[in-house]
Amino acid sequence: MLSLDEARSLAASLAQQGRGIATRPAARQPAEPLELYEMEGCPFCRLVREALTELDLDVLIHPCPKGGDRYRPLVERLGGKQLFPYLMDPNTGVALYESADIIDYLYREYGQRPAPGGWRLRARAAASMAASLTRAGHGLRAREAEVPEQPLILYSFEGSPFARLVRERLCELQLPYLLRQCGRDQWQDWVLLPMRKALEMAYLPTQRHRQELLARAGRVAVPYLIDPNTGEELFESRRILDYLQTRYAR
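Because the structure is a prediction, the values reported are computed rather than measured. (Residues numbered from 1 in each chain as written. Predicted model: local features only at pLDDT ≥ 70, side-chain atom pairs only at ≥ 80, totals over all residues. Heavy atoms only, no water.)

*Asks:* What am I meant to see in helix 2 (residues 43-55) here?
*Replies:* End to end, helix 2 covers 19 Å across 13 residues, agreeing with the expected 18 Å (1.5 Å per residue, within 8%). The buried fraction of helix 2 amounts to 12 of the 13 residues, a majority that puts the element mostly inside the structure. Taken together, the buried positions of helix 2 are P43, C45, R46, L47, V48, R49, E50, A51, L52, T53, E54 and L55. Looking one or two residues beyond helix 2, the residue adopting positive phi is D56, at roughly 60°. (Helix = DSSP H or I, 4+ residues; strand = E, 2+ residues; numbered from the N terminus. Expected span 1.5 Å × (residues − 1). Buried < 20%, exposed > 50% of the residue type's maximum accessible area, 1.4 Å probe, protein only.)

*Asks:* What is the right way to read the pattern of salt bridges from this model?
*Replies:* Oppositely charged side chains may form a pair once their charged atoms are brought near each other. On inspection of all chains with the given rule, the structure shows 23 salt bridges. Note that R49 and E38 form a salt bridge whose closest N and O atoms lie 2.5 Å from each other. Taken together, the positions of R49 in helix 2 and E38 in strand 1 (residues 34-38) put the pair 11 residues apart, joining distant regions of the chain. The same class applies to R49 and to E38, which are both buried. Between R250 and E144 there is a salt bridge, with its nearest N and O atoms 3.4 Å apart. A residue pair is termed long-range when its members are at least 10 positions apart, and R250 in the segment after helix 9 (237-247) and E144 in the loop between helix 5 (118-135) and strand 5 (152-156) qualify at 106 residues. Each member of the pair, R250 together with E144, is exposed. Here the residues in one salt-bridge network are E38, E40, R46, R49, E158 and R167, joined through shared partners. (Salt bridge = Lys/Arg side-chain N within 4 Å of Asp/Glu carboxyl O.)

*Asks:* Help me understand the environment of L55, please; the structure alone is not making it clear to me.
*Replies:* Relative to the helices and strands, L55 resides in helix 2. For L55, a relative accessible area of 0% puts it in the buried group. Residues L55 and P25 lie 30 residues apart in sequence; the distance between their C-alpha atoms is 4.7 Å.

*Asks:* Explanation requested: the sheet that holds strand 8 (residues 232-235) in the structure shown.
*Replies:* One open sheet holds the 8 strands; their spatial order is 4-3-1-2-6-5-7-8, and the pairing between them is mixed. Single-partner strands in this sheet number two, and they are strand 4 (94-97) and strand 8. Within this sheet the neighbouring strands show an average axis-to-axis angle of 20°, counted without direction. Of the strand pairs in this sheet, strand 7 (residues 224-227) and strand 8 are connected by 4 bridges, and their pairing is antiparallel. Looking at strand 8, one finds that I226 is bridged to E233. This element, helix 3 (residues 72-79), spans strand 1, strand 3 (86-89) and strand 4 of the sheet and lies at about 65° to strand 3. Here helix 8 (residues 208-217) sits on the sheet in contact with strand 5, strand 6 (177-181), strand 7 and strand 8, set at roughly 70° to strand 7. (Pairing = 2+ DSSP bridges. Axes fitted to C-alpha atoms, helices over the stretch in contact; angles between N-to-C directions. Contact = heavy atoms within 4.5 Å.)

*Asks:* Even after reading the chapter, I still don't get the packing of aromatic side chains, so can you show me in this structure?
*Replies:* Evaluation of the coordinates by the stated rule reveals 7 aromatic pairs. Judged by centre distance (6.3 Å) and plane angle (70°), the rings of Y37 and Y71 are edge-to-face. Taken together, the residues span a long stretch of sequence, with Y37 in strand 1 and Y71 in the loop between strand 2 (59-63) and helix 3 at a distance of 34 residues. Ring geometry for Y243 versus Y248: centroids 6.5 Å apart, planes at 85°, classification edge-to-face. Overall, the relative accessible area of 1% leaves Y248 in the buried class. An aromatic cluster is built from Y37, Y71, Y86 and Y97, whose rings are joined through pairwise contacts. The ring of W190 carries R184 above its face, with NZ or CZ at 4.7 Å from the centroid. (Phe/Tyr/Trp six-rings, centres within 6.5 Å; stacked < 30°, edge-to-face > 60°. Lys NZ or Arg CZ within 6 Å of the ring centre and 35° of its normal.)

*Asks:* Looking at this model, I keep getting lost on helix 1 (residues 4-15). Mind explaining?
*Replies:* For an α-helix the count is 3.6 residues per turn, leaving residues at separations of three or four pointing the same way. Compared with the 16 Å implied by 1.5 Å per residue over 12 residues, the 17 Å span of helix 1 between its first and last C-alpha is a close match. When we look at burial in helix 1, the residues that qualify are E6, S9, A12, S13 and A15. Downstream of helix 1 by one or two residues, Q17 has phi in the positive range, about 60°.

*Asks:* Can you walk me through the pairing of strand 3 in this structure?
*Replies:* When a strand is regular, its side chains alternate between the sheet's two faces. Across 3 bridges, the pairing between strand 1 and strand 3 is antiparallel. Its bridge partner being in strand 3, E35 is matched across the sheet by M88. In the sheet, strand 3 pairs with strand 4 via 4 bridges, with the strands oriented antiparallel. Following the sheet pairing, D89 is matched in strand 4 by V94. Connecting strand 3 to the antiparallel partner strand 4 that follows it, the hairpin turn spans 4 residues, and G93 within it adopts a positive phi of roughly 80°.

Structure (structure tokens):
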């Protein structure tokens, strides 16, 4: 049974109107992961994360919650102000503020197709603000936590209500993580794991990180967390949240 928080996260996904779930991979992939300084609960950061899922672009997330002292000062040193989202592309040397500029850059540089703009982007922004309202401040404010030596790794896609809960906690604890996109690119991806089992349905993912998950863990489900600092690997948002609280929260 869904908890209240899970139900509210599902409502946030519904407010996104299906965005941040499906993927149509970019024409080319960056050699090194993009770097995004952002807040999980920020509606403008969400627009960028939706685009990253749609383009199937991995990204190293540097969480910058309000009151955070790890990455917010760094953004000010790098770009001159604490404004989010802030994208750095180590492949090209480009650094950008403003969600619309970042989205346009991602589609132009990697997608090699037009970015959503005009009324479509405005509609997305309104939906993203509605999604933030349902979360009532989760993923926005810093909590005390230990600093890991290496970034964590999270298999996720933007529209997943369960992955959102994990990303919110990672943001609040200011834990950096490499986000490996697991967007859906074929109709079989939309059939949930329990139903696939009940139907005895053969499932062969075509999306790259879904293939990795199947090979690594024997099934495809998100969120999936890997902590290279401890060797822990976990499915299920509740288990992951308990782990993060026990291992890193002060």
